[in-house]
Amino acid sequence: MEAMTKNLFSYLAKSNVLNQAAKKWGLQFGANKVVGGETFAKAVPLIRQLNKQGLSVTVDHLGEFVSSAEISKERTQECVQTIKRINHEGLDSQISLKLTSLGLDIDHDLITDNLTQIMEAARHYDIFITIDMEDTSRCQATLDIFEELRANFDNLGTVIQSYLYRSEDDVRDLNKHHPNLRLVKGAYKESSKVAYKEKDDVDENLKRLIKTHLLNGNYTAVASHDDVMINYTKQIVKEYKIPSNQFEFQMLYGMRTQTQLELAKEGYKMRVYVPYGDDWYGYFMRRLAERPENISFVLKGMFKH
Ligand SMILES: Cc1cc2nc3c(=O)[nH]c(=O)nc-3n(C[C@H](O)[C@H](O)[C@H](O)COP(=O)(O)OP(=O)(O)OC[C@H]3O[C@@H](n4cnc5c(N)ncnc54)[C@H](O)[C@@H]3O)c2cc1C
């Protein structure tokens, strides 16, 4: 039953017709429980509220796989405006972005020009940027762009996925930059040629990556809703006396809200990933596919209408 529900939501996530319709409906059916708003301006009160509760934020303008240079430039400007607005509003927020939304699949000069513009604005306003990691066919290109830009910008980090066999080597190679890395299990469907398929293997690898990166003295964001990973991180930082300003926890907005608040109260840095934008439909469906229990959002949302 659970597999059927997951497949249904994965299928619905890819529907262009529903995606277009969703842009007209506005945030509905409980999507506002996991998406910050249709525009950054609409997400500002939520970010302020999270900050008041002791939670830091990273915002992500939803939308990926841009195939037109013009749209990639518009998205670049949206990002620059968001950086200015974060500064203007005095928000405790970073930015997460996907390189395919800025032209990764189009042209090398385009993506590096776009990202450089964003990084210059981010440096000016002292805002940290994380490049999200997408599917494995884009992993090397993403790491190449990260390394290219990281040479000039300290305020740039990226993501490593523990389901990929290559990730241990990547963490070792990237160590020369002493990068700020977000460590995750990985969200895309990958083949067994490149990725661990067993949950235990993915989990064990995430633990190895967390320990290696922390003991290398690097800033580590552990992005997981899994108590096993959270408790493991707590144990490692205690055992090796890792300072509290060398790591943080991250979770998605709307997921394990109580745990987020508890971690913040315990004194840990807790960052909430808040997606926003009118392209919310696919993101919402993927969250439902990942955890069909979230269907209760939808039902509650429907009964309100
Ligand atoms: C801030 C953030 C950024 C991310 N960035 C990327 C990225 O750039 N690229 C990428 O590929 N992936 C990214 N991911 C997604 C990540 O790779 C995983 O797909 C996703 O987080 C699910 O794995 P998990 O570690 O949270 O726990 P899972 O392995 O999904 O779950 C393990 C256990 O955790 C508990 N749990 C999980 N979710 C919940 C919940 N909602 N409520 C209660 N208990 C729960 C349950 O006990 C569950 O059995 C990101 C995730 C986060 C949180």
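Residues numbered from 1 in each chain as written. Predicted model: local features only at pLDDT ≥ 70, side-chain atom pairs only at ≥ 80, totals over all residues. Heavy atoms only, no water.

(A) Examining the pattern of salt bridges more closely. All chains considered together, the criterion is met by 21 salt bridges. Where Glu 89 meets Arg 85, a salt bridge forms, and the shortest distance between an N and an O atom there is 3.0 Å. Of the two residues, Glu 89 and Arg 85 both sit in helix H4 (residues 69-89), four residues apart, roughly one turn of that helix. Take Arg 85: its relative accessible area is 32%, and that puts it in the partly exposed class. Residues Lys 199 and Asp 203 are paired through a salt bridge, measuring 3.0 Å at the closest nitrogen-oxygen approach. Linking Lys 199 with Asp 203, this pair stays in helix H8 (residues 199-215), spanning four residues, or about one helical turn. For Lys 199, a relative accessible area of 51% corresponds to the exposed category. Taken together, the shared-partner salt bridges connect Asp 60, Lys 98, Asp 132 and Arg 182 into one network. (Salt bridge = Lys/Arg side-chain N within 4 Å of Asp/Glu carboxyl O. Helix = DSSP H or I, 4+ residues; strand = E, 2+ residues; numbered from the N terminus. Buried < 20%, exposed > 50% of the residue type's maximum accessible area, 1.4 Å probe, protein only.)

(B) Spatial organisation of the environment of Thr 39. Along the chain, Thr 39 falls in the loop between helix H2 (16-25) and helix H3 (40-52). Residue Thr 39 is classed as partly exposed on the basis of its relative accessible area of 36%. C-alpha separation for the pair Thr 39 and Pro 275, spaced 236 residues apart in sequence, amounts to 9.8 Å. Setting aside anything within four residues of it in sequence, one finds Thr 39 in contact with Tyr 276 and Gly 277. (Contact = heavy atoms within 4.5 Å.)

(C) Quick look at the UniProt feature "binding site: FAD" (unreviewed entry) in the chain. The UniProt entry lists Met 133, Gln 161, Lys 185, Gly 186, Ala 187, Lys 199, Ser 224 and His 225 under the feature "binding site: FAD" (unreviewed entry), expressed in the numbering used here. Along the chain, the position of Met 133 falls in the loop between strand S3 (129-131) and helix H6 (139-150). On the basis of relative accessible area, Met 133 is assigned to the buried category, the value being 7%. Leaving out residues up to four positions away in the same chain, Met 133 has contacts with Cys 139, Thr 142, Leu 143, Thr 158, Val 159, Gln 161 and Tyr 188. Counting through the fold element by element, Gln 161 comes out in strand S4 (residues 156-161). Beyond its immediate chain neighbours, meaning those up to four positions away, Gln 161 contacts Met 133, Glu 134, Ser 167, Val 184, Lys 185, Gly 186 and Tyr 188. (UniProt positions renumbered as here; feature names shortened; annotations may be inferred.)

(D) Seen up close, the site of the ligand. Lining the immediate environment of the ligand, one finds 23 residues, of which Met 133, Lys 185, Gly 186, Ser 224 and His 225 sit closest. Contacts to the ligand include Ser 224, whose side-chain N or O atom sits 2.7 Å from an oxygen atom. Measuring from an oxygen atom of the ligand, one finds a backbone N or O atom of His 225 at 2.8 Å. Bound to the protein, the ligand loses 78% of the 950 Å² it would expose on its own. Elements represented by at least two residues in the shell around the ligand include exactly S4, strand S5 (181-184) and strand S7 (247-252). Residue contributions to the shell around the ligand peak at three residues, all from S7. Looking at the shell around the ligand residue by residue, the class counts come to ten nonpolar, five polar and eight charged. (Near = heavy atom within 4 Å. Polar contact = N/O pair within 3.5 Å; in protein donor to acceptor, adjacent residues only side chain to side chain. Areas by Shrake-Rupley, 256 points an atom, 1.4 Å probe, with all protein chains shown as cover. Nonpolar A, V, L, I, M, F, W, Y, C, P; charged D, E, K, R; others polar.)

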